[in-house]
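The lines below spell out each chain.
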Amino acid sequence: MSPYDLDRREFLKRALGAGLVVGTSGLAACAKAASSSAPAPAPSAPPAPSVGVRGRVGQLETLTIRHSSGSAATLALQGAHVTSWRRANGEEMLFVSESSPYVPLEPIRGGIPVIFPQFGNRGPLPQHGFLKTASWEVVEVGRDPKAAAFALLRTRDTDATRALWPHPFRATLRVTLDDGLATAITIENTGDAPFSFECGFHTYHRVGDLRQVTIRGVERARYQDHVAKDVVKTEVRSPLRVRGEVDRVYLRRPDRIFIRDESRDRTLIVDRAGFGDVVIWNPGEAKARTSIGLADGEYLTMLCVEPAQIDPPVQLAPGSLWSGVQRVHIA
Ligand code: TA6
């Protein structure tokens, strides 16, 4: 089956899992998880060992979920931050810098940082907002009706977030693992005033050799070139190759993205819903060493393809919900 053939309905069903969007009951279930007015229950009973197991990486608590195929995904509860996605053959699909700290309130350099309510330094908040270092609680771990393993986590506004961004909200994150990996975030406006936000999954894909990677799906798209003071250009390359520092917000292109990793002879497909934009970023050799702090040569083994909703920001009325989803799988 050509990767172009994947039916979009199948994507939504598989990406969001039966517990989230197949029919409104799924979304209602997620909304309920996000907005139940009852005090947050104590973290659910330890997950069945076959699906989820608690652990630690550095000083951070983690949860690992396992699919019956043998694949596994690990996330730090801090930031609901997926730090690892290992295929059944043990191959690691995500990049995390070897110099990345795993300490409280320090961002992890790699995996899938959750970006909310601000993308990058587009406003007064900390870079990429505050959810990526927030404390999340595990709401549920299990298998969905299609036997995918999933974990549902939740967080909400705190005194600290309100001091930075004066809006009450709840956020849920659902990680779904089958032959691919999906992450879905739902934001609820629990206040009585509308607010706007940017949101995204700052996904660090591990690649064999960036110099042999090509990207399809952004042909002829308009993009903000962050390396050139965000001037808006049109993508003329097809396919796109990443040379030097590349930092671009491709605007309003919900198409699927193909990451061809020639050195590993495989193509990753990134599908998304809710996120109209996609950011493509690699710091290049100089910046990787100076400001990003990667070890020598690490920049050639990573590529960020980040489903995001940046321009325009999401406008959310009181009591309303918004969801953004990505699903990554190998063609
Ligand atoms: O997503 C691209 C970007 O906004 C770049 O401008 C660069 O700052 C990158 O994110 C890394 O951000 P971080 O906060 O992880 O250092």
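Relevant structure appears above.
Residues numbered from 1 in each chain as written. Predicted model: local features only at pLDDT ≥ 70, side-chain atom pairs only at ≥ 80, totals over all residues. Heavy atoms only, no water.

Caption draft 1: A look at the environment of K287. Mapped onto the elements, K287 comes out in helix α4 (residues 284-290). By relative accessible area, K287 is classed as partly exposed at 36%. Note: C-alpha distance between K287 and G244 (43 residues apart in sequence) is 9.2 Å. Leave out the neighbours within four places in its chain, and K287 touches E245, I292 and G293. (Helix = DSSP H or I, 4+ residues; strand = E, 2+ residues; numbered from the N terminus. Buried < 20%, exposed > 50% of the residue type's maximum accessible area, 1.4 Å probe, protein only. Contact = heavy atoms within 4.5 Å.)

Caption draft 2: Broad picture of the site of the ligand. All residues adjacent to the ligand are R109, F119, Q127, H128, K132, H202, Y204, H226, D247, V279, W281 and E306. Side-chain polar atom of R109 to an oxygen atom of the ligand: 2.8 Å apart, as the coordinates give it. Between the ligand and H128 there is a distance of 3.0 Å, counted from an oxygen atom to a side-chain nitrogen or oxygen. For the ligand, the protein covers 83% of the area, taking 390 Å² as the surface of the free molecule. Of the residues that constitute the shell around the ligand, the class distribution is 4 nonpolar, 4 polar and 4 charged. (Near = heavy atom within 4 Å. Polar contact = N/O pair within 3.5 Å; in protein donor to acceptor, adjacent residues only side chain to side chain. Areas by Shrake-Rupley, 256 points an atom, 1.4 Å probe, with all protein chains shown as cover. Nonpolar A, V, L, I, M, F, W, Y, C, P; charged D, E, K, R; others polar.)

Caption draft 3: Geometry of the environment of L75. Of note, L75 is situated in strand β3 (residues 72-76). Once the C-alpha coordinates of L75 and G111 are considered, the two residues, 36 residues apart in sequence, prove to be 8.8 Å apart. Once residues within four sequence positions are removed from consideration, L75 is found in contact with E61, T62, L63, A80, H81, V82, T83, A151, L153 and V175.

Caption draft 4: Main features of the sheet that holds strand β8 (residues 169-177). Across the sheet, which stays open at both edges, the 8 strands sit in the order β6-β7-β8-β9-β20-β17-β16-β12 with antiparallel pairing between neighbours. Either end of the sheet is taken by a strand with one partner, and the two such strands are β6 (137-143) and β12 (213-216). Averaged over all pairs of adjacent strands, the angle between their axes in this sheet comes to 15°, without regard to strand direction. With 4 bridges joining them, β12 and strand β16 (residues 257-261) adopt antiparallel strand pairing. Looking across to β16, one finds that T214 is bridged to R260. (Pairing = 2+ DSSP bridges. Axes fitted to C-alpha atoms, helices over the stretch in contact; angles between N-to-C directions.)

Caption draft 5: Representation of the sheet that holds strand β1 (residues 52-57) within the structure. Read from one edge of the open sheet, 4 strands run β1-β2-β3-β4, paired in antiparallel fashion. Edge strands, defined here as strands with exactly one partner in the open sheet, are β1 and β4 (81-86). Along the sheet, successive strands turn relative to each other by an average axial angle of 25°, direction set aside. Pairing geometry for strand β2 (residues 60-66) and β3, over 5 bridges, is antiparallel. Within β3, the position partnered with T64 by the bridge is T74.

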